[in-house]
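Notes for the structure review
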Protein chains: 2
Amino acid sequence: MPEIIEKQTGKAFRLKKGQKLKVIDPQGEQVSDMVLFNAEDKREKISSGKTLDFEESILISQGNFLWSNRSNKMMEILKDTNGRNDFLLAPCSPETFRIMYKNTEYHPSCFENLYTSLEKFGIEPDDIPTAFNIFMNVQFRPDGKLSVDPPMSKAGDYVLFEAKMDLIVGLTACSAEDSNNGSFKPIHFEIAD
Amino acid sequence: MPEIIEKQTGKAFRLKKGQKLKVIDPQGEQVSDMVLFNAEDKREKISSGKTLDFEESILISQGNFLWSNRSNKMMEILKDTNGRNDFLLAPCSPETFRIMYKNTEYHPSCFENLYTSLEKFGIEPDDIPTAFNIFMNVQFRPDGKLSVDPPMSKAGDYVLFEAKMDLIVGLTACSAEDSNNGSFKPIHFEIAD
């Protein structure tokens, strides 16, 4: 049975080196923001800039590695049945909804769901890096303009990761309307040795 | 007279809110990596993920703002005579040269030049975020593949920034062969009220 991340929430957990994490979109068109920390030293964490540099691509999928700010491999992507993820945009935050959505009321966000889930590991809001946004469909044009389009993931699509070091993982079911085509849904995950 | 950052080195300095920083490529085809910290609280710093999100573009130039991890504006780009900068790739580091250039000997790097310059402000290597890479010409293809091409900047090209808060700025003359077409050159800068 998979673990369930209810809509607009998050979870954080340990993942041992060599263990596999399967992140599943159970209903389709849902995004999951993932951040990674070295379990032995939380100052080492997932880095978009290092990953795009070493993998020489904006689009990170099956066969790619996720790298840390200290230039170490944190995860390998063993399988990606959907094939589209984003590693450009920061997790949606209260300010995302205030500034980009012109929303003046409280709105759940991946940023809040990440830092509240990760608090038990001593991780604070300022420690949250740009996340690897699983299933997120950010299109870029030749002139650089970005658009957040509905995910292309279908019910049952998944990404399978293998930990390359002992990790603390933060994972969400995304709270942003643009990221999941306006409907909030859960994310499932499984851990295997 | 401009301040001079000698080839393959870096400098760090304070910039007050409202002050302007002009970063000049004096000979052409040279890159300058820039990182920013809130002078009052160094845990607030420049964020590629937040900037690309709020500016809705990979390519950041005249008219755009540089944003922090706390969703505040750190700088505005008032003028950009070249028009091409990169905000995807992490500063070149010893591992960049070991892993990507297959270089087994010591090599100066923007990462080292940033953290050694910023040490006097209490900033440590792990605090260095993905830099705004002024004049860096990273081309992206529709399939996401990235290539680091020679800068398009010509002698005298500059980018003019205005600080939107009190800042600590780290700035380099880039040490990576791919970034500056194989020739290491200085970077100049000027600060004006």
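Please refer to the structure higher up on the page.
These notes cover the structure that comes with them. Values in this document were obtained by computation on a predicted structure and should not be read as measured data. (Residues numbered from 1 in each chain as written. Chains lettered and ligands numbered in written order. Predicted model: local features only at pLDDT ≥ 70, side-chain atom pairs only at ≥ 80, totals over all residues. Heavy atoms only, no water.)

1. Some thoughts on the relation of the copies chain B and chain A
Each copy superposes on the other: chain B lies on chain A with an RMSD of 0.0 Å after a rotation of 180 degrees and an axial shift of 0.0 Å. Interpreted geometrically, this transformation is the action of a two-fold axis. Mapped onto chain A, 100% of the interface residues of chain B are again interface residues, and the two copies thus contact each other with one and the same surface. (Least-squares fit on C-alpha atoms with pLDDT ≥ 70 in both. Contact = heavy atoms within 4.5 Å.)

2. Observations regarding the packing of aromatic side chains
All names here are of chain A. In this structure the tally under the stated criterion is 13 aromatic pairs over all chains. Seen in terms of ring centroids, Phe54 and Trp67 are 4.3 Å apart; in terms of plane orientation they differ by 40 degrees. Their pairing is tilted. In this pair, Phe54 sits in helix α1 (residues 48-55) while Trp67 sits in strand β6 (residues 65-67), placing the two residues 13 residues apart along the sequence. Trp67 carries the same exposure label as Phe54, and that label is buried. Aromatic pair Phe87 and Phe132: ring centres 5.3 Å apart, planes at 75 degrees, arrangement edge-to-face. Residue Phe87 is found in the loop between β7 (73-80) and α2 (94-100), and its partner Phe132 is found in strand β8 (residues 132-134); the two are separated by 45 residues along the sequence. (Phe/Tyr/Trp six-rings, centres within 6.5 Å; stacked < 30°, edge-to-face > 60°. Helix = DSSP H or I, 4+ residues; strand = E, 2+ residues; numbered from the N terminus. Buried < 20%, exposed > 50% of the residue type's maximum accessible area, 1.4 Å probe, protein only.)

3. Here we look at the environment of Phe54 of chain A
Accessibility expressed as a relative area gives 9% for Phe54 of chain A, which makes it buried. Considered as a pair, Phe54 of chain A and Gly10 of chain A are 44 residues apart in the sequence and their alpha carbons are 29 Å apart. Apart from residues lying up to four places away in sequence, Phe54 of chain A is in contact with Trp67 and Ser71 of chain A together with Glu95, Thr96, Ile99 and Met100 of chain B.

4. A look at the pairing of strand β10 (residues 146-149) of chain A
As paired elements, strand β9 (residues 137-140) of chain A and β10 of chain A share 4 bridges and run antiparallel to each other. For Phe140 of chain A, the partnering residue across the bridge sits in β10 of chain A and is Leu146 of chain A. (Pairing = 2+ DSSP bridges.)

5. A look at the sheet that holds strand β1 (residues 3-5) of chain B
All names here are of chain B. Within the open sheet, the 6 strands sit side by side as β1-β13-β3-β11-β7-β6. Their pairing is antiparallel. Each edge of the open sheet is held by one strand with a lone partner, namely β1 and β6 (65-67). Averaged over all pairs of adjacent strands, the angle between their axes in this sheet comes to 25 degrees, without regard to strand direction. As judged from the 5 bridges shared by strand β7 (residues 73-80) and strand β11 (residues 157-163), these two strands associate in the antiparallel manner. Residue pairing in the sheet places Ile77 in a bridge with Phe161 of β11. (Axes fitted to C-alpha atoms, helices over the stretch in contact; angles between N-to-C directions.)

6. Structural notes on the interface of chain B and chain A
Taken together, the 35 residues of chain B in the interface contact 35 residues of chain A. The largest per-residue losses of area from chain B upon contact with chain A belong to Arg43, Met100 and Asp126 of chain B, which jointly make up 18% of the total buried on that side. Our enumeration of links across chain B and chain A arrives at 8 salt bridges. Of the charged contacts in the structure, one is a salt bridge between Asp126 of chain B and Arg70 of chain A, with a shortest N-O distance of 2.7 Å. (Buried area = accessible area lost by both parts, 1.4 Å probe. Salt bridge = Lys/Arg side-chain N within 4 Å of Asp/Glu carboxyl O.)

7. So, the pairing of strand β3 (residues 20-25) of chain A
Residue and element names in this part refer to chain A. Note: β3 against strand β11 (residues 157-163), 6 bridges, orientation antiparallel. Across the sheet, residue Lys20 finds its bridge partner in β11, namely Glu162. Taken together, the 5 bridges between β3 and strand β13 (residues 187-192) define a ladder with antiparallel strand orientation. Across the sheet, residue Lys22 finds its bridge partner in β13, namely Glu190.

8. Considering helix α1 (residues 48-55) of chain B
Most of α1 of chain B sits inside the fold, with 8 of its 8 residues counted as buried. Those residues of α1 of chain B that fall on the buried side of the exposure criterion are Ser48, Gly49, Lys50, Thr51, Leu52, Asp53, Phe54 and Glu55 of chain B. Against α2 and β10 of chain A together with β6 of chain B lie the buried residues of α1 of chain B. Glu56 of chain B occupies a position one or two residues after α1 of chain B and carries a positive phi of about 55 degrees.

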